[in-house]
Amino acid sequence: MATFPELELSRRGILASGAATVAVSGLPQDDAQAAPSQTVKPVSTARVSFTVNGTPQKLELDTRTTLLDALREHLQLTGTKKGCDQGQCGACTVIVDGRRINSCLSLAVMHEGDSITTVEGLGTPDKLHPMQAAFIRHDGYQCGYCTPGQICSAVAVLDEIKANIPSHVSADLNTPARLSGDELRERMSGNICRCGAYSNIIEAISDVAGGAA
Amino acid sequence: MKPFSYERVTSPAEAAAAVARTPGARFIAGGTNLLDLMKLEIETPAHLVDVNGIGLDRIEPTPEGGLRIGALVRNTDLAADATVRRDYGVLSRALLAGASGQLRNKATTAGNLLQRTRCPYFYDTNQPCNKRKPGSGCSAIGGYSRPLAIIGSSDACIATNPSDMAVALRALDATVETVQADGTTRTIAIADFHVLPGKTPHIETALKAGELITAVTLPKPLGGTHIYHKVRDRASYAFAIVSVAGVIQPAGQGRIALGGVAPRPWRVEAAEGDLPKGAKAVSARLLAGAKPTADNAFKVSLVERTIGAVLAEVKGKA
Ligand SMILES: Cc1cc2nc3c(=O)[nH]c(=O)nc-3n(C[C@H](O)[C@H](O)[C@H](O)COP(=O)(O)OP(=O)(O)OC[C@H]3O[C@@H](n4cnc5c(N)ncnc54)[C@H](O)[C@@H]3O)c2cc1C
Ligand code: SF4
């Protein structure tokens, strides 16, 4: 509680936002009926078109739908996970136009024309992305819940280093960004692993990058 | 989340007009702060105006030899810009010390400046909070106040401003450029941008309702050694307990701004004359009149030590 009090609040937040999810997924009636209907404003919807893993998608959504919920509840791409739903854990990381973002803190309707890659789009069970294969080889997970976010993040991190984006631990801002264990740990800090598979995750990423951590 | 209608706009003028036209309307940029607060129903806009399509995403030199940073420039791009890295290193460092790679990819210059406090009671809608609900009281006073302010606070609110970027901008004397629905533009010095809470902690900036930030401008480079030292509860991905932005010249003069201690980036220009005398002297003048709580009194000595660490690092680099 002492270090990050907001985390404690997230459970309440998830309960409070539950009603919107219920309406979308058609789960049992009880919760929906519990909401006093006379105070609920009419739902606004908006259209959005974007590409997910190479496939064009057209959706009409409640404006409140996050990109994460659009992927999971509307497109049935459940590889991307909902952890904290507050941008704190990284389980929902996807790659949009080449950049990793937290899909929970982004509205789906704000992604008109975007190209989105989820863990399903990186590779398939028969043809794994090198990062997926390395996570398996190095045991970069235990329960696996954070893994899709870790893998999307890791793929983007290597691109960020190539693109010479510096990090908090880069010693010199004016020399090209370098790959090291410290760099990877810092750059991956937005992806929390409750099982603590961190050292294997760093080994998997280093393996793909072709260097030792 | 409360229902809201949504609209995309393609120019700054259209954005300002759209917010002025619709009651309860707000701009949304990266969404990383606003959406978080909307999920908790701390923010309840009736209409969102998406400003991601209005341009303002470039970093350009100014005729005065400074830099103009568009309101929509992402924190990642600002930190990685070659000129910023070379001439305004303290800004790159402050940005890179904040949030995570994912969040910085979405977070914008304007959104970062306007992010709201991380006071735990502001986030807990079951607790009184003058900032969230004016007049309801302040739960932090007499409550859990370890992360909160030691100076600049009031009897109504002791929250801190959580932005790292703003601390660097304060050290650099940046200015904020805006436009309003009637087309009026103005510039606001960063020193005047965030306001102290007084009796109205829900008012956090000098912006008028519906005023759109278009850019942040940096004056000519200062030279010197640029350092941002952030002390936090874990090595990465945590808000500052105390942070120090320093731009220190070879003769020992320079500028110091503090984060994590006040409702706005904290800088006292008069204290900077004492920089050559060392951390103790500067810190005493910077924090004159501080009113820490029992929980956060440690920040007073932490500020002195962090300034000391910055000055030592400067010596090490010389
Ligand atoms: C888990 C987590 C950890 C974080 N850690 C840190 C940290 O360590 N340090 C740090 O500094 N920050 C941290 N942040 C905060 C992050 O930096 C902010 O959320 C981000 O900068 C906000 O930018 P945005 O573009 O997403 O803003 P939005 O959420 O889009 O908007 C924020 C506010 O700005 C207004 N706004 C946006 N653009 C304009 C404009 N052009 N003109 C007028 N008003 C505008 C919106 O109406 C809204 O009120 C963290 C966030 C999270 C979720
Ligand atoms: S310190 Fe400010 S934000 Fe925190 S509870 Fe008090 S009034 Fe609210």
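Conventions used here
Residues numbered from 1 in each chain as written. Chains lettered and ligands numbered in written order. Predicted model: local features only at pLDDT ≥ 70, side-chain atom pairs only at ≥ 80, totals over all residues. Heavy atoms only, no water. UniProt positions renumbered as here; feature names shortened; annotations may be inferred. Helix = DSSP H or I, 4+ residues; strand = E, 2+ residues; numbered from the N terminus. Pairing = 2+ DSSP bridges. Axes fitted to C-alpha atoms, helices over the stretch in contact; angles between N-to-C directions. Parallel < 35°, antiparallel > 145°, perpendicular 65-115°, else oblique. Left-handed = near helix turned anticlockwise from the far one by under 90°. Contact = heavy atoms within 4.5 Å. Nonpolar A, V, L, I, M, F, W, Y, C, P; charged D, E, K, R; others polar. Buried area = accessible area lost by both parts, 1.4 Å probe. Salt bridge = Lys/Arg side-chain N within 4 Å of Asp/Glu carboxyl O. Polar contact = N/O pair within 3.5 Å; in protein donor to acceptor, adjacent residues only side chain to side chain.

By the naming in an unreviewed UniProt entry, chain B is Xanthine dehydrogenase YagS FAD-binding subunit, taken from Sphingobium subterraneum.

Per an unreviewed UniProt entry, chain A goes by the name Aldehyde oxidoreductase iron-sulfur-binding subunit PaoA and belongs to Sphingobium subterraneum. Looking at chain A in UniProt, the text filed under Subcellular location (unreviewed entry) is "Periplasm". Turning to chain A, the UniProt record has this under Function (unreviewed entry): "Oxidizes aldehydes to the corresponding carboxylic acids with a preference for aromatic aldehydes. It might play a role in the detoxification of aldehydes to avoid cell damage."

Colleague: How should I be thinking about the UniProt feature "domain: FAD-binding PCMH-type" (unreviewed entry) in chain B in this particular structure?
Modeller: Mapped onto this numbering, the UniProt entry annotates "domain: FAD-binding PCMH-type" (unreviewed entry) at residues 1-223 of chain B. End C-alpha to end C-alpha, residues 1-223 of chain B measures 47 Å, and it is 28% helix and 16% strand.

Colleague: Is there a simple way to explain the sheet that holds strand 8 (residues 212-218) of chain B in this structure?
Modeller: To summarise the sheet geometry, strands pair through backbone hydrogen bonds and adopt either a parallel or an antiparallel arrangement. Residues and elements named next belong to chain B. Read from one edge to the other, the open sheet built from five strands follows the order 4-5-8-6-7, with strand pairing classed as antiparallel. Each edge of the open sheet carries a strand with a single partner, namely strand 4 (59-61) and strand 7 (185-189). Averaged over all adjacent pairs, the angle separating strand axes in this sheet is 25 degrees, with direction ignored. By the bridge criterion, five bridges tie strand 6 (residues 175-179) to strand 7 in an arrangement that is antiparallel. Paired with V176 across the bridge in strand 7 is I188.

Colleague: Hey, could you run me through the packing of helix 7 (residues 147-162) of chain A against helix 9 (residues 198-209) of chain A in this one?
Modeller: Each pair of packed helices gets described by two things: the angle between the helix axes and the distance between those axes. Residues and elements named next belong to chain A. With their axes 11 Å apart at the nearest point, helix 7 and helix 9 run at an angle of 40 degrees to one another. The angle between helix 7 and helix 9 places the two elements in the oblique class. The handedness of the crossing between helix 7 and helix 9 is right-handed. Each of Q150, A154 and L158 in helix 7 lies in contact with helix 9, whose residues at this interface are I201, I205, V208 and A209. Of the residues belonging to the contact of helix 7 with helix 9, the class tally is six nonpolar, one polar and no charged.

Colleague: What is the right way to look at the interface of chain B and chain A in this model?
Modeller: It is common to give the size of an interface as the accessible area lost on bringing the parts into contact. At the junction of the two partners, chain B supplies 53 residues and chain A supplies 57 residues. Buried area between chain B and chain A, both sides added, is near 4400 Å², and the carbon and sulfur share of it is 54%. Its largest share of buried area at the contact with chain A, chain B owes to K39(B), R85(B) and Q102(B), together 17% of the area lost on that side. Inspection of the chain B/chain A interface yields three salt bridges. One salt bridge in this structure joins E112(A) and R8(B), with 3.8 Å as the shortest N-O distance. Run the count over chain B and chain A and you get 23 residue pairs in polar contact (both at pLDDT 80 or more). Elements that contribute at least two residues to the side of chain B that touches chain A include exactly strand 1 (5-8), helix 2 (34-39), strand 3 (47-50), helix 3 (75-80), helix 4 (82-87), helix 5 (89-96), helix 6 (101-106) and helix 8 (120-123) of chain B. Tallying contributions element by element places helix 6 of chain B first for the side of chain B that touches chain A, with five residues. The residue inventory of the side of chain B that touches chain A, partitioned by class, reads 22 nonpolar, 14 polar and 17 charged.

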